[in-house]
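# A structural walkthrough
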Amino acid sequence: MTVSAGREFLAIPGPTTMPDEVLAAMHRPAIDIYAGPLLDITEAILIGVGRLLHSARRPYIYIANGHGAWEAALTNVLSKGDKVLVLDSGRFAVGWGSVAAGLGCEVEVLPGEWHRAVRPAEVEARLAKDKRGEIKAVLVVQIDTASGVVNDIPAISRAIKAARHDALFMVDAVASLGCMPFEMDAWGVDVAMAASQKGLMTPPGLSFVAANARARKAHETAGLRTPYWDWTAREGQEHYRKYAGTAPEHLLFGQHKALEMIFAEGFGAIFERHRLLAGTVQRAVEVWAEAGALSFSVAAPAERSNTVTAVRFDGAGPGSDAAALLDYCNQRCGVVLGRALGDLSGKGFRIAHMGHVNAPMVLGTLGVVEVALGALGIPHGKGGVSAAAEWLGRQVKA
Ligand SMILES: *Cc1c(COP(=O)(O)O)cnc(C)c1O
C-alpha cells in the first residue's frame, strides 16, 4: 500500500522546488539574442544578484552549475602553484579545494569537523603563521549542504584581518544566497559565488561569481585564466560576451521571475521565513532524538543552518538503515528526502528547507518522516510533529 499519488514533494537541498511562476515564465518561445527584451532581462538579473550579494560591482554570469562557478572563481584570480587554504566544515569547501588542486594549486585544508562550524580563531592562528604570505586565497562555504553547518562569514573575515594577512577571501554562497543575509562588501568578501538551483529557485545551470576591486586586481596577473571563464573577456560591451556565446534564454526567463518574487517578498521576510521553517524542523528532530537512535549532525544549535538540516543515525540496529527510511518516504509517501553525503553517507538523511518552501511543505515533510520512523520501527521520541507545530504557532502570532 502506498499514499504517494499526487504531487511528489522534493525535500532535497538542490535542485529545490520551483515556483509555478518560474516554470510558467520559461514556457515561451526563444527570442532574439542580439536586441530587445533579453538584454533587459540580463541586466535585471545582474543587478538583482548584485543586490542579493550586497556587492557594488556586477557579478559575472555563467552557464554552469556550482562546480563551474568554483572553477570560474579560482581561474580568474590564481596561478598554478599558488597556495590556497580551505576551511573545512563538511564537504563543499573541501570539494572546492579539490577543484583548486586539479587546477595545479597547492591546497592546504584547515581541518574541521562535520559537527561544528569553522572556528575563526583557528583561521587567525594559521594565517598568522604564514609570515611570508604564501597563502593566496582562503576558501569557505557559508552553509555546508552536507553537514548542515552555517559558518560565520563576517567573523572569519575579521580573523583574516586580525592576522594582517592579505589572502583573498573567497566564499561559496550556493546553499545560502537568497535565504539568509550575505553582505559581500561590508564583510570584506573578495570573491563570492552562487548558483541558481537552491535558494534562487531556478533550474540548475546558471551560476554567478562576484569580485571586488581587490579580486579584480588579482585577476590582472592570474595565470590560470582560460578563454571561457575569463572575466575580462566577459566585460565586453556586446550582450553575447556576458555569456561567452549564446545566452541560456529559458534559464534567464526563470531566474528573472524568481528574482522578482524574491524582491516582492522582501529580504527581511524571506530570511525570517527560513529561520522559522528551520526552527520547525529542528524542533521535530530534537524530540525524535530523545530516544537515542538519531541526532543532529551539527552539535551547537546556533551553528545549524536555516536551509538544510542533516540528521544522523547513531549506532546499529533499527534506526541505522538510512536507505530504508529514504525509500519509505519516497515510494510510500511521495517525499524525496536528501541522502546523507560524505562522512555521513548511508548513515543519515537531510531535510532541505530552502527557497520556495512554506509551512505545509515543511510540516508535511516532517509528518512523513514521523510516519516512516513509526512504520520502520526506528526508535524516536514521540510527538515531534506536534512539538514542531506548537513551536511554529508560538512564533507566528495570530
Ligand atoms: C550544491 C552546492 C554546490 C555545488 O553545486 P553544483 O551545482 O551541484 O555544482 C557547491 N556548494 C554548495 C555549498 C552547495 O550546496
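In this text, all values refer to a predicted model and were calculated from it rather than measured experimentally.

## Describing the overall build of the protein
Counting its regular elements, the protein contains 13 helices and 12 strands. The C-alpha radius of gyration computed for the protein amounts to 21 Å, which stays within 12% of the reference 21 Å derived for 398 residues, consistent with globular compactness. Counting only C-alpha atoms and orienting by the principal axes, one finds that the protein spans roughly 60 × 55 × 40 Å. Split into buried and exposed, the 398 residues of the protein put 56% on the buried side. For the protein, the share of sequence-separated contacts (at least 6 apart) that also reach a separation of at least 24 residues comes to 72%. Of the accessible surface of the protein, which amounts to about 15,900 Å², a share of 56% is contributed by carbon and sulfur atoms.

## Section: the sheet that holds strand β6 (residues 168–172)
A sheet is described by the order of its strands in space; here seven strands give the open sequence β2-β8-β7-β6-β5-β3-β4, paired in mixed fashion. Every other strand in the sheet has two partners, leaving β2 (60–62) and β4 (106–110) as the edge strands with one partner each. Pairs of neighbouring strands in the sheet enclose a mean axial angle of 20°, with direction left out of account. As paired strands, strand β3 (residues 83–87) and β4 are joined by five bridges and run parallel to one another. Opposite Val-84, over in β4, you have Val-107 as the bridge partner.

## Some words on the domain arrangement of the protein
Domain parsing of the protein yields domain 1 (9–16 + 266–395) and domain 2 (31–263). Contacts between the two partners involve 27 residues from domain 1, matched on the other side by 31 residues from domain 2. Taken together, both faces of the contact between domain 1 and domain 2 bury some 2,300 Å²; the carbon and sulfur share is 65%. Contact with domain 2 buries surface across domain 1, with Phe-267, Phe-271 and Glu-303 losing the most and accounting together for 25% of the total. Viewed at the interface, domain 2 and domain 1 are joined by one salt bridge. Two residues, Glu-303 and Arg-119, come together in a salt bridge whose shortest N-O distance is 3.0 Å. Among the secondary structure elements, those contributing two or more residues to the side of domain 1 that touches domain 2 are α10 (267–288) and β10 (308–313). In terms of residue count, the dominant contributor to the side of domain 1 that touches domain 2 is α10 (four residues). Its residues placed into classes, the side of domain 1 that touches domain 2 shows 13 nonpolar, 10 polar and four charged.

Thresholds, definitions, all that
Residues numbered from 1 in each chain as written. Predicted model: local features only at pLDDT ≥ 70, side-chain atom pairs only at ≥ 80, totals over all residues. Heavy atoms only, no water. Helix = DSSP H or I, 4+ residues; strand = E, 2+ residues; numbered from the N terminus. Rg over C-alpha atoms; globule rule 2.2 N^0.38 Å. Buried < 20%, exposed > 50% of the residue type's maximum accessible area, 1.4 Å probe, protein only. Contact = heavy atoms within 4.5 Å. Areas by Shrake-Rupley, 256 points an atom, 1.4 Å probe, with all protein chains shown as cover. Pairing = 2+ DSSP bridges. Axes fitted to C-alpha atoms, helices over the stretch in contact; angles between N-to-C directions. Domains from an automatic or database assignment. Buried area = accessible area lost by both parts, 1.4 Å probe. Salt bridge = Lys/Arg side-chain N within 4 Å of Asp/Glu carboxyl O. Nonpolar A, V, L, I, M, F, W, Y, C, P; charged D, E, K, R; others polar.

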